[in-house]
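Secondary and tertiary structure notes
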Amino acid sequence: MYTAVLTIQYISIVVVWVCMTQVFYSKHSKLQQVLTYILLCDLINQLGMLFNMQAKTADGALIGIKIAYLGKLFVIIFIFFFVMGFCKVKIPTFVKALSVFIQAGLLACVWTCDRNALFYSSISFDEGDMYPHLVKTAGPAYMVFVAVVSLYTIIMITACIVRLIQSKEKEQKIRLLCLLLIPLITFLSYVIYKLKLFGIYDCTSIAFLISTLILIYAISRYELIDFVSEAKEMIIDEISDSILVLNEMEQLVYYNKPAVELFPEISELEGATVVGKRLETASLLGGELWIDSKLYTVRFKEIKSKNKVRSKIYTLTDNTSNFRMTYEDGLTSVGNRRALMRAMEDIDPEQYTYLVIMDIDDFKGINDSKGHKVGDDCLVKMASFLAREFGKGNVFRFGGDEFVLLLNITIEELERKLVELNANFSSKDQPYPFNISGGYVKISQSTDMDALMKRADDALYEVKKSGKGRFALAK
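Let us look at the structure shown here. (Residues numbered from 1 in each chain as written. Predicted model: local features only at pLDDT ≥ 70, side-chain atom pairs only at ≥ 80, totals over all residues. Heavy atoms only, no water.)

Let's shift gears to the overall build of the protein chain. Counting its secondary structure elements, the protein chain contains 16 helices and 12 strands. Going through the 475 residues of the protein chain one by one, you find that 46% of them count as buried. Across the protein chain, every contact between residues at least 6 apart in sequence was considered, and the portion connecting residues at least 24 apart equals 61%. Surface accessibility of the protein chain: about 25,100 Å² in total, with carbon and sulfur atoms responsible for 60%. (Helix = DSSP H or I, 4+ residues; strand = E, 2+ residues; numbered from the N terminus. Buried < 20%, exposed > 50% of the residue type's maximum accessible area, 1.4 Å probe, protein only. Contact = heavy atoms within 4.5 Å. Areas by Shrake-Rupley, 256 points an atom, 1.4 Å probe, with all protein chains shown as cover.)

Here's what the structure looks like:
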């Protein structure tokens with residue numbers, strides 16, 4: 001019996017090594033990388049088991065156990081990642097990190113099991129009839145290990161069954177059945193080991209071998225790893241646009257890496273719901289979304305089946321540079337005339353209460369006497385002050401030295417700030433003092449842009465005639 005299980009162990013090591021070599025040098029994909037990790041961990045586990053079976057002393061057997069668990073603990077977690085990846089179940093990053101942390105903690109307990117009673121409450125060495133081996137009693141950490149493996153098994157089985165029910169293709173069903181066998185075989189081997197149906201031999205290592213062979217068979221015979229789909233996912237992750245997919249119940253079911261960088265909260269269920277609503281709102285309100293001072297163009301496409309919307313694909317493209325080239329003034333960085341026209345297309349009296357038009361008094365004289373560089377500096381400083389006081393999105397350079405403001409503000413606050421504006425730039429502390437004149441009009445039921453601009457401009461004209469350096473309300 002000992003010779004038989006020893007032979008099986010040697011065969012397992014050779015088979016796993018050959019499989020790992022083939023997978024490592026074949027086409028690479030995310031799932032294939034995980035499969036490589038599975039095979040590597042399985043190989044470490046098999047070598048540890050072999051060392052344990054051939055040990056003649058307690059210390060030698062204990063070293064074999066420690067090496068085996070170095071592979072066993074992580075082969076389980078990588079099988080879990082592989083199955084979830086194939087079933088398109090998104091595992092949040094923090095869950096992956098927590099899983100690795102737990103397994104690392106359990107590994108630390110195993111590697112110090114001869115100095116504490118966490119993983120094994122007691123350890124003794126038995127010469128035995130089959131071969132010399134350690135007799136171990138489970139400790140609290142071992143029970144945690146069993147609980148974690150059981151949880152992984154339940155989740156994997158559930159994911160495979162759900163996908164199996166949803167799938168309509170025969171080959172896809174076969175692939176899923178192959179995957180379903182893996183957690184079932186692993187669980188069955190653990191039950192057999194605990195019932196000692198094979199004596200003291202730990203048959204879970206054989207279960208890992210069988211699981212590996214099933215994976216290899218499914219890959220070679222039924223193309224378990226779809227390289228085309230994997231390549232598409234890799235490409236989607238590499239593009240700069242953020243892509244998000246919502247199902248018919250407005251639930252987020254897919255997103256690429258740029259989307260995670262743009263919306264870190266989507267890994268949480270509540271955050272994903274909020275993001276979905278923002279995208280829906282943005283697509284209805286002109287298809288634009290401002291995030292962290294960047295403008296994104298939001299496009300969406302409906303995927304229909306039998307005239308029913310099954311999902312929506314949202315694509316967000318960073319359009320900030322194009323927006324700035326189109327709608328920002330090159331000198332002052334505030335909105336240009338085109339941006340003003342755009343803002344006033346559907347102006348809302350509840351959004352804006354006043355329109356103000358202003359310019360620098362005797363600006364031509366500043367350019368002529370002090371040079372255009374000084375004139376440009378005056379314009380930049382003025383635009384900067386206006387943007388700081390009234391908000392950059394409310395300030396527009398209409399042309400030359402003329403600026404227009406669209407404000408949601410009370411008359412008292414407006415008049416106070418306009419007085420402060422003139423006091424600031426006419427101060428003797430300024431390198432080049434100048435005065436500002438302007439006219440402003442209340443935006444009421446009439447939202448005709450030409451009419452509003454003319455009334456404000458008329459008020460400005462009256463100010464210019466009566467002495468400059470102040471602001472007046474349009475009649």
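Attention now moves to unusual backbone geometry. Trans is the prevailing form of peptide bonds, just as negative phi is the prevailing case for residues other than glycine. Backbone geometry places D362, a non-glycine residue, at a positive phi of 55°. By secondary structure assignment, the location of D362 is in the loop between strand 8 (354-360) and helix 13 (363-370). Non-glycine residue K468 carries a positive phi angle of around 70°.

Looking now at the pairing of strand 3 (residues 242-247). With 6 of its 6 residues buried, strand 3 lies for the most part within the structure. Residue alternation in strand 3 divides its side chains into two sets, S242, L244 and L246 and I243, V245 and N247, and both sets are buried. Of the strand pairs in this sheet, strand 3 and strand 7 (residues 308-318) are connected by 6 bridges, and their pairing is antiparallel. Each residue of the ladder has a partner; that of S242, found in strand 7, is L316. With 3 bridges joining them, strand 3 and strand 4 (residues 252-255) adopt antiparallel strand pairing. (Pairing = 2+ DSSP bridges.)

Quick look at the environment of G287 now. Relative to the helices and strands, G287 is located in the loop between helix 10 (269-284) and strand 5 (288-291). For G287, a relative accessible area of 8% corresponds to the buried category. Leave out the neighbours within four places in its chain, and G287 touches A282, Y296, T297 and V298.

Let us now look at the pattern of salt bridges. Across all of its chains, the model carries 15 salt bridges by this definition. Here D318 and K294 are joined by a salt bridge, their closest N and O atoms 3.9 Å apart. Of this pair, D318 sits in strand 7 while K294 sits in strand 6 (residues 294-305); the two residues are 24 residues apart in sequence, bridging distant segments of the chain. What makes D318 partly exposed here is its relative accessible area of 36%. The class of K294 is partly exposed, set by a relative accessible area of 39%. Overlapping salt bridges bring together K66, D114 and R115 as one network. (Salt bridge = Lys/Arg side-chain N within 4 Å of Asp/Glu carboxyl O.)

Turning next to helix 11 (residues 320-327). Think of an α-helix as 3.6 residues a turn; residues three or four steps apart then line up on the same face. Among the residues making up helix 11, those that are buried are T320, F323 and Y327. In a view along the axis of helix 11, the buried residues occupy a sector of 60°, so they form one face of it. (Arc of directions from axis to C-beta.)

Before going further, it helps to spend a moment on the sheet that holds strand 8. Reading across the sheet, the 5 strands line up as 9-10-8-11-12 and stay open at both edges, with mixed pairing between neighbours. The open sheet terminates on both sides in strands that have one partner only, identified here as strand 9 (395-399) and strand 12 (471-473). Between one strand axis and the next, the sheet turns by 20° as a mean value, whatever way the strands run. In this structure, strand 8 lies alongside strand 10 (residues 402-407), joined through 5 bridges in antiparallel fashion. In the strand pairing of strand 10, Y354 is matched with L407. Packed onto the sheet, helix 14 (residues 372-390) meets strand 8, strand 9, strand 10 and strand 11 (436-442) and runs at close to 5° relative to strand 10. Against the sheet, helix 16 (residues 449-465) contacts strand 8, strand 9, strand 10, strand 11 and strand 12, and its axis sits at roughly 145° relative to strand 11. (Axes fitted to C-alpha atoms, helices over the stretch in contact; angles between N-to-C directions.)

With that settled, consider the packing of aromatic side chains. Ring pairs (aromatic) are described by centroid distance and by the angle formed between their planes. One pass over the full model with this rule turns up 15 aromatic pairs. Ring centres of F78 and F81 lie 6.2 Å apart, and the angle between their planes is 75°; this geometry places the pair in the edge-to-face category. Here the residue F78 and the residue F81 both occupy positions in helix 3 (residues 58-86), the gap between them amounting to 3 residues, near one helical turn. Of the two residues examined, F78 and F81, each falls in the buried class. (Phe/Tyr/Trp six-rings, centres within 6.5 Å; stacked < 30°, edge-to-face > 60°.)

Spatial strand order, 4-3-7-6-5: 5 strands in an open sheet with antiparallel pairing. With one partner strand each, in any of the chains shown, strand 4 and strand 5 form the two edges of the open sheet. Each strand axis lies, on average, 25° off the axis of its neighbour in the sheet, ignoring direction. When strand 5 meets strand 6, the two strands line up antiparallel, connected through 4 bridges. The residue of strand 6 that forms the bridge with L289 is Y296.

Turning next to the environment of S167. Within the secondary structure, S167 is located in the loop between helix 5 (140-166) and helix 6 (170-195). Residues within four places of S167 in sequence aside, it is in contact with Q172, K173 and L176.

When you tally the buried positions in strand 9, you get 4 out of 5 residues, the bulk of the element. Direction of pairing for strand 9 relative to strand 10: antiparallel, over a ladder of 4 bridges. In the strand pairing of strand 10, V395 is matched with L405. In this antiparallel pair of consecutive strands, strand 9 and strand 10, the connection spans 2 residues, and G400 shows a positive phi of 60°.

Now for the nonpolar core. Membership of the largest hydrophobic core comes to 61 residues, with the highest contact counts inside it found for I38, Y69, F119 and F145. Residue assignment for this core shows that the elements contributing at least two residues are helix 1 (2-24), helix 2 (30-54), helix 3, helix 4 (93-111), helix 5, helix 6 and helix 7 (204-222). If you tally residues by element for this core, the top one is helix 3, at 17 residues. The contact partners of F145, leaving out residues within four places of it in the chain, are Y69, K72, L73, I76, L106 and F119. (Core = buried A, V, L, I, M, F, W, Y, C linked by side-chain atoms within 4.5 Å.)

Coordinates in, geometry out; function isn't part of it.
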